[in-house]
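# Secondary and tertiary structure notes
Letter by letter, the chains look like this.
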Amino acid sequence: MELKLAFPQDSPPLSIISAAKIAGVPLIIDPTLASGSVPTLHFSSGDFIHGVNTILRYIARAASLSSFYGQDDIQAAHVDQWLEYAPLILSGSEFEAACLFLDGYLASRTFLVGYGLSIADIVVWSNLTGTGQRWESLRRSKKYQSLVRWFNSVAADYADALDEVTSAYVGKRGIGKSPAPSLKVKVPGLKENTSGHEIDLPGAKVGEVCVRFAPEPSGYLHIGHAKAALLNKYFAERYKGRLIVRFDDTNPSKESNEFVENVLKDIETLGVKYDVVTYTSDHFPKLMEMAESLIKQGKAYVDDTPKEQMRSERMDGVESKRRNSTVEENLSLWKEMVNGTKRGTECCVRGKLDMQDPNKSLRDPVYYRCNPDPHHRVGSKYKVYPTYDFACPFVDALEGVTHALRSSEYHDRNAQYYRILQDMGLRRVEIYEFSRLNMVYTVLSKRKLLWFVQNNMVEDWTDARFPTVQGIVRRGLKIEALIQFILEQGASKNLNLMEWDKLWTINKKIVDPVCGRHTAVLKDKRVLLTLTNGPEEPFVRILPRHKKHEGAGKKATTFANRIWLEYADASVVSVGEEVTLMDWGNAIIREIKTDDGTVTQLVGELHLEGSVKMTKLKLTWLSDIEDLVSLSLVDFDYLINKKKLEEDEDFLDNLNPCTRREALALGDPNMRNVKKGEVIQLERKGYYRCDVPFIRSSKPIMLFAIPDGRQKSTSIGA
């Protein structure tokens, strides 16, 4: 029987290839799968199996070596343990500890299991070899003599097969010839990558690529969705292909037109140009036909097992009592579901895949559920709705998608995606994975974000404390900064917890060179400085809003003999000290008036001939005039107070008690002209975005503090 092994070029399954060579199982090598995909073994009969361990077990059973899967059931169980164990212990920071354990284990053994070479030896040997120089340096250290003795023995006994595999698939840094996180494939028609941020899509052809961004309309887009949207945009443009925006609207209980409209608004904000907007609900009739067809083919069945029991049975690999119902029985219950009867609401449609598969996503997943709630687009026409896992591969294939970008959290479900496509008889769609964007002190679950909205912990989905696109833009983030931040990560599969500071640092570099400068003092913390030789009548000078950017425009600054200083500045000056009044010149403090130790007033005189280079304090100030405008300076903190929530932790136990602080201030009169959404810098205070512009004197201008990447207290998160 002809066997074809398909796998990603950047992560060859060394253990499978080595085992097949030693076992004498010929393979046709096909390294064309999308990066991150699960290895697949295709049979000439049209059947196939997924996953490294599943394929290894097949090879072990097909091998001529009697010991390859152990010589009895107990040894076979030990082999299985090593298949699961080896990849876990021989990766990451515990590598040396694993080697130490193996060295002790092999001190009195020739092989890992029994008295002959088994698939367990090949798996451990391959995982060691696959680390490249990391293992080679330990191998030369003479620290692990028993492990090295065993390793060298296997290498010598099967040198022809193993040397060939190693030279073909192991690079100097470890497994795979391309250590870079993205797969570099020569694509005709593409320019050579010179930017340092280019990402290549494997197997893609210019003009033939079709990708899709498929959000569920159950909330506004957040920064994680933005990464997916921008990567899809990137690939569509890079390959001169098509980009579909498809709303995955399969759960009427959570979805609404409000979310659809705002997702489209967010997509426009991100600058994502798409070819067409579609909805999974457009395909409901065909999806129902497919579900019914699979039932008739015996590839799906209707199950009325209670939800918790079904979950438990899937975990334990226990088949449902309904799994072997007749087609007629299944169609009868399917009709009950379609009609939304009480009996129908107790049922769901499940795919008949493999309840014994180690990959639990293949253990008869749910395809359809009954839901009487009206749908935001089609009303009450349907009582049954497909799951994401069922609808996604079907609609991808139907709409002509060539590459489906999915975050790596779906990795274990990739095999399910391909199996469902196969059972449906549809063409293959390549999955390309990228790592989910995780941010410190941040929850990105729409269910949790909805809790904050529903419990009035925030204004709405656009709240500046939210990680939604509208929230972070309202906080003062420029979309150019977000795009740069995301493309710098590329389509890496590394799961990193990202700091908001890095994003805000990029943002600062964008806003600082162009934003106008203004002055403000806190209303309740200000001290009057009287300049005895100051101008008898106030006068005005026209100054640039930004000394290095003419495009920022001009501002009118009033000079008077009574000026306001920040209390924090007034409290640290001393009598006789010379200070610099910014944009004016030097002054000497002659008198400090206090009340119970609190500075209440200063008296000084201008010393404009003094050198600004010689003063220690450079002070912002405002003339005491009626035209000063009222400001509300708003600062935000994270909504949760733990950097990273573990899977078993409840975000409700980690709520930040104080997430919004507001201070009243006075600003220079020019701020009447600041527009909503405009970013400015308040001298010596930081960057702010205008959320509410000047309307009337009695209503303060509202300014939101923008983090600059250094001020930990002004970071955003949800």
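Everything numeric here is computed off the predicted structure, so don't read it as measured data. (Residues numbered from 1 in each chain as written. Predicted model: local features only at pLDDT ≥ 70, side-chain atom pairs only at ≥ 80, totals over all residues. Heavy atoms only, no water.)

### Some thoughts on the domain arrangement of the chain
Domain parsing of the chain yields domain 1 (3-169), domain 2 (210-280 + 437-505), domain 3 (281-389), domain 4 (526-623) and domain 5 (629-706). Taken over C-alpha atoms, the centre of domain 2 sits 30 Å from the centre of domain 3. Between domain 2 and domain 3, the contact holds 15 residues from the first and 14 residues from the second. Overall, the association of domain 2 and domain 3 removes approximately 1,200 Å² of surface from exposure, summing both partners, and the carbon and sulfur fraction of that is 48%. (Domains from an automatic or database assignment. Contact = heavy atoms within 4.5 Å. Buried area = accessible area lost by both parts, 1.4 Å probe.)

### Section: the sheet that holds strand β1 (residues 3-8)
Read from one edge of the open sheet, 4 strands run β2-β1-β3-β4, paired in mixed fashion. Each edge of the sheet is formed by a strand with only one pairing partner; in this case those strands are β2 (28-33) and β4 (48-50). Here the strands of the sheet are splayed against their neighbours by 20° on average, with no regard to which way each runs. Of the strand pairs in this sheet, β1 and strand β3 (residues 40-43) are connected by 4 bridges, and their pairing is antiparallel. For Leu-5, the partnering residue across the bridge sits in β3 and is Leu-41. (Pairing = 2+ DSSP bridges. Helix = DSSP H or I, 4+ residues; strand = E, 2+ residues; numbered from the N terminus. Axes fitted to C-alpha atoms, helices over the stretch in contact; angles between N-to-C directions.)

### Describing the sheet that holds strand β7 (residues 210-213)
Pairing in this open sheet of 3 strands is parallel, and the strands run β7-β8-β9 from one edge to the other. If you trace the sheet from one side to the other, it starts and ends with β7 and β9 (276-279), each paired once. Strand-to-strand twist of the sheet, defined as the mean angle between neighbouring strand axes without regard to direction, takes the value 30°. Here β7 runs beside strand β8 (residues 242-247); their pairing, made up of 4 bridges, is parallel. Bridge pairing in β8 links Cys-210 to Arg-242. Lying on the sheet, helix α9 (residues 223-238) is in contact with β7 and β8; it crosses β7 at an angle near 160°. Its contacts with the sheet place helix α10 (residues 257-269) against β7, β8 and β9, and it is angled at close to 155° to β8.

### A word on the packing of helix α15 (residues 388-398) against helix α16 (residues 414-424)
Each pair of packed helices can be described by the angle between their axes along with the distance between the axes. Here α15 crosses α16 at 65°, and the two axes come no closer than 9 Å. Handedness of the α15/α16 crossing: right-handed. Where α15 abuts α16, its residues Asp-389, Phe-390, Cys-392, Pro-393, Phe-394, Asp-396 and Ala-397 lie against Gln-416, Tyr-417, Ile-420, Leu-421 and Met-424. By residue class, the composition of the contact of α15 with α16 is 9 nonpolar, 1 polar and 2 charged. (Left-handed = near helix turned anticlockwise from the far one by under 90°. Nonpolar A, V, L, I, M, F, W, Y, C, P; charged D, E, K, R; others polar.)

### Quick word on the nonpolar core
Where a protein is soluble and globular, its nonpolar side chains tend to be buried together. Counting 56 residues, the largest nonpolar core has Phe-68, Leu-112, Val-124, Leu-128, Trp-135, Leu-147 and Trp-150 as its most contacted members. Setting aside anything within four residues of it in sequence, one finds Leu-112 in contact with Trp-82, Leu-102, Tyr-105, Leu-106, Ala-120, Asp-121, Val-124 and Trp-150. (Core = buried A, V, L, I, M, F, W, Y, C linked by side-chain atoms within 4.5 Å. Buried < 20%, exposed > 50% of the residue type's maximum accessible area, 1.4 Å probe, protein only.)

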